[in-house]
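Letter by letter, the chains look like this.
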Amino acid sequence: MSKDAVESAQVTAPTQAAQTPADAGDAGYSKDLKARHVNMIAIGGAIGTGLLLGAGGRLHNAGPALALAYLVCGVFAFFVVRALGELVLYRPSSGSFVSYAREFLGEKGAYVAGWMYFLNWSTTGIADITAIALYTHYWSMFTSIPQWVLALIALAVVLAVNLISVKIFGEMEFWFAIIKVATIVGFMLISIFLLATQHKVGGHTPGLSVISDHGGLFPHGAMPVVLVMQGVIFAYAALELVGVAAGETAEPEKVVPRAVNSIMWRVGLFYVGSVVLLALLLPGSVYSADESPFVTVLSKIGVPAAGDVMNLVVLTAAMSSLNSGLYSTGRILRSMAMAGSAPKFTARMNRSQVPYGGILLTCAVCVLGVGLNYLMPSQAFEIVLNVASLGIISTWVIIMLCHMIFVRRARAGLATRPHFQLKFSPVTEIATIAFLLICLGMMWNDPDVGRKTILLIPVIAVMLVAGWFGVRRRVSKNTDQELTELTK
């Protein structure tokens, strides 16, 4: 329902004004996600291939100052999740930020938020199945199987898990996150031991001298650190899953604050801590984009099967990302379908209270990714990853806009802020939005892929406008029906 409709309804039906109208897309869900599921969904969103695999290439390009890039981006990512957490406590919704965009930005805002998020996760899904196929090819027993076949098998497995029940999804994410956390903790303990014993790593004695003797914090200057931030932002994508999952937990007021608050120290420990340790063990020039930095270190000290173990962990991270993408887009598309801005079949739920229509639509786009793997196996990953970054930046900007308007309404006495709040509004939101837009603009400095991605923005804008004209009558009709029910 649009914000104008809500305000009109409040005038017509003062007895109901105290309650924010519930999103129609929230009806019918089970509340089977436990606190441990939501906590691990939060940590799983914070740890992915951006750290496990992507940190190697970024260390090579930016040097030890990459830790600062992760810290800065992590702070702004925390602001986004904290803002979303406050909105969740104000009104839990499986439609998450799309539901909030509907309330605070109107139906057009919800339409843009939903479809840009769908663009993010559907293209991320393509990147994930591509990554899964590439990681599986690491083992010789799978090299004879075509990349597109492995991608299709991975998609089928994760689809089956998502369609069974939300509880199975939660369990799968829980154990995926356990594997990732155990890997990072294990590596950090090994790294601390190497530092404490001064055990040589690839001919280098670990410590501050590794940084000072190879160009310091900024071996290539400050600009590479600035340019790498766009990729670092994408590494934090999926943190917003906490907001979606909150709609299917029985006690969001207890679970969400704990999960959101823990994100900050996890970012500091796992991202910044890992990068600092990597920089203290080996010069940045030793790392590469073609290999996990953890594999690079472990192989230098002769750990047997280090490559096999880390490849399995990175494979797990890609499976986790695909799992989360299908889960979240299914809920977001259902919220949109109930408002009329997504196809009707995406509102359908199965007996297990899973919105299978939206999940299948996301899978259909991922199947196109299987075709991309067949046609361009070497380029598929890079193409879709950059398109996905447009989706995540727009999603985070919309979350901050919604929160800013929510706070403004609260100060005007039209809403009540929960005890769990993002501080220093609207300065925090404006600074975060500015930072995200700067990161987007920096993509222009990459002529090969980034510049082409930015040139896609007008194309996506035209498609969104055309799509809106196609659904606006249905949206208006649904809004009028909701308004009629609200004022009865």
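Parameters at a glance
- Residues numbered from 1 in each chain as written.
- Predicted model: local features only at pLDDT ≥ 70, side-chain atom pairs only at ≥ 80, totals over all residues.
- Heavy atoms only, no water.
- Helix = DSSP H or I, 4+ residues; strand = E, 2+ residues; numbered from the N terminus.
- Buried < 20%, exposed > 50% of the residue type's maximum accessible area, 1.4 Å probe, protein only.
- Contact = heavy atoms within 4.5 Å.
- Areas by Shrake-Rupley, 256 points an atom, 1.4 Å probe, with all protein chains shown as cover.
- Salt bridge = Lys/Arg side-chain N within 4 Å of Asp/Glu carboxyl O.
- Disulfide = S-S within 2.5 Å.
- Phe/Tyr/Trp six-rings, centres within 6.5 Å; stacked < 30°, edge-to-face > 60°.
- Polar contact = N/O pair within 3.5 Å; in protein donor to acceptor, adjacent residues only side chain to side chain.
- Expected span 1.5 Å × (residues − 1).
- Arc of directions from axis to C-beta.
- Core = buried A, V, L, I, M, F, W, Y, C linked by side-chain atoms within 4.5 Å.

(A) Up close: the overall build of the protein chain. Scanning the protein chain from terminus to terminus reveals 19 helices and zero strands. Across the 488 residues of the protein chain, 59% fall into the buried class. In the protein chain, the proportion of contacts linking residues at least 24 apart, taken out of those at least 6 apart, comes to 80%. Put simply, the protein chain shows about 19400 Å² of open surface, and 66% of that area lies on carbon and sulfur atoms.

(B) Quick look at the pattern of salt bridges. What the rule picks out here adds up to five salt bridges. With a closest N to O distance of 2.3 Å, Arg-36 and Glu-171 form a salt bridge. Of this pair, Arg-36 sits in helix 2 (residues 35–46) while Glu-171 sits in helix 8 (residues 166–197), placing them 135 residues apart in sequence. On the basis of relative accessible area, Glu-171 is assigned to the partly exposed category, the value being 21%. For Glu-86, the salt bridge identified is with Arg-417, shortest N-O distance 2.6 Å. Placement of the pair is Glu-86 in helix 5 (residues 66–90) and Arg-417 in the loop between helix 17 (380–411) and helix 18 (427–442), with a sequence separation of 331 residues. The class of Glu-86 is buried, set by a relative accessible area of 0%. Residue Arg-417 is classed as partly exposed on the basis of its relative accessible area, which comes to 21%.

(C) How the structure looks around the state of the cysteines. Evaluation of the coordinates by the stated rule reveals zero disulfides. The thiol of Cys-439 is unpaired, and the distance to the nearest cysteine sulfur, on Cys-73, comes to 5.3 Å. Here Cys-439 falls in the buried class, since its relative accessible area comes to 0%.

(D) Quick look at the packing of aromatic side chains. Considering all chains together, one arrives at 15 aromatic pairs under this definition. Both rings, one in Phe-76 and one in Phe-435, keep their centres 4.3 Å apart while their planes meet at 15 degrees; by these two values the pair is stacked. Pair noted here: Phe-76 is in helix 5 and Phe-435 is in helix 18, with a separation of 359 residues, a long-range link. For Phe-435, a relative accessible area of 12% puts it in the buried group. Measuring from centroid to centroid gives 4.5 Å for Phe-187 and Phe-294, while their planes differ by 85 degrees, and the two rings are edge-to-face. Of this pair, Phe-187 sits in helix 8 while Phe-294 sits in helix 14 (residues 293–300), placing them 107 residues apart in sequence. Neither Phe-187 nor Phe-294 differs from the other in exposure class; each is buried.

(E) Representation of the environment of Trp-121 in the model. With respect to the helices, strands and loops of the structure, Trp-121 is situated in helix 6 (residues 96–136). Put simply, Trp-121 and Gly-325 are 204 residues apart on the chain and 5.3 Å apart in space, counted from C-alpha to C-alpha. When sequence neighbours within four positions are dropped, the list of residues in contact with Trp-121 reads Ala-238, Glu-240, Ser-321, Ser-324, Gly-325, Ser-328 and Thr-329. A polar atom in the side chain of Trp-121 sits 2.7 Å from the side chain of Tyr-117.

(F) Looking closely at helix 7 (residues 147–164). Taking 1.5 Å as the rise per residue, helix 7 with 18 residues should run 26 Å; its terminal C-alpha atoms sit 27 Å apart, in good agreement. Residues of helix 7 that are buried include every one of Gln-147, Leu-150, Ala-151, Ala-154, Leu-155, Val-158, Leu-159, Val-161 and Asn-162, and no others. Down the axis, helix 7 shows its buried residues gathered within 165 degrees of arc, on one side only.

(G) View of helix 15 (residues 306–339). Over its 34 residues, helix 15 runs 50 Å from end to end, which matches the ideal 50 Å to within 8%, given 1.5 Å per residue. Here helix 15 lies mainly inside the structure; 30 of its 34 residues are buried. Positioned one or two residues after helix 15, Gly-340 has a phi angle of 95 degrees, which is positive.

(H) Summary view of the nonpolar core. Ranked by internal contacts, the top residues of the largest apolar core, which has 164 residues, are Leu-66, Tyr-70, Tyr-236 and Trp-396. Tallying contributions element by element places helix 6 first for this core, with 20 residues. Among residues more than four places away in sequence, those in contact with Trp-396 are Ala-77, Val-80, Ile-233, Tyr-236, Ala-237, Glu-240 and Leu-436.

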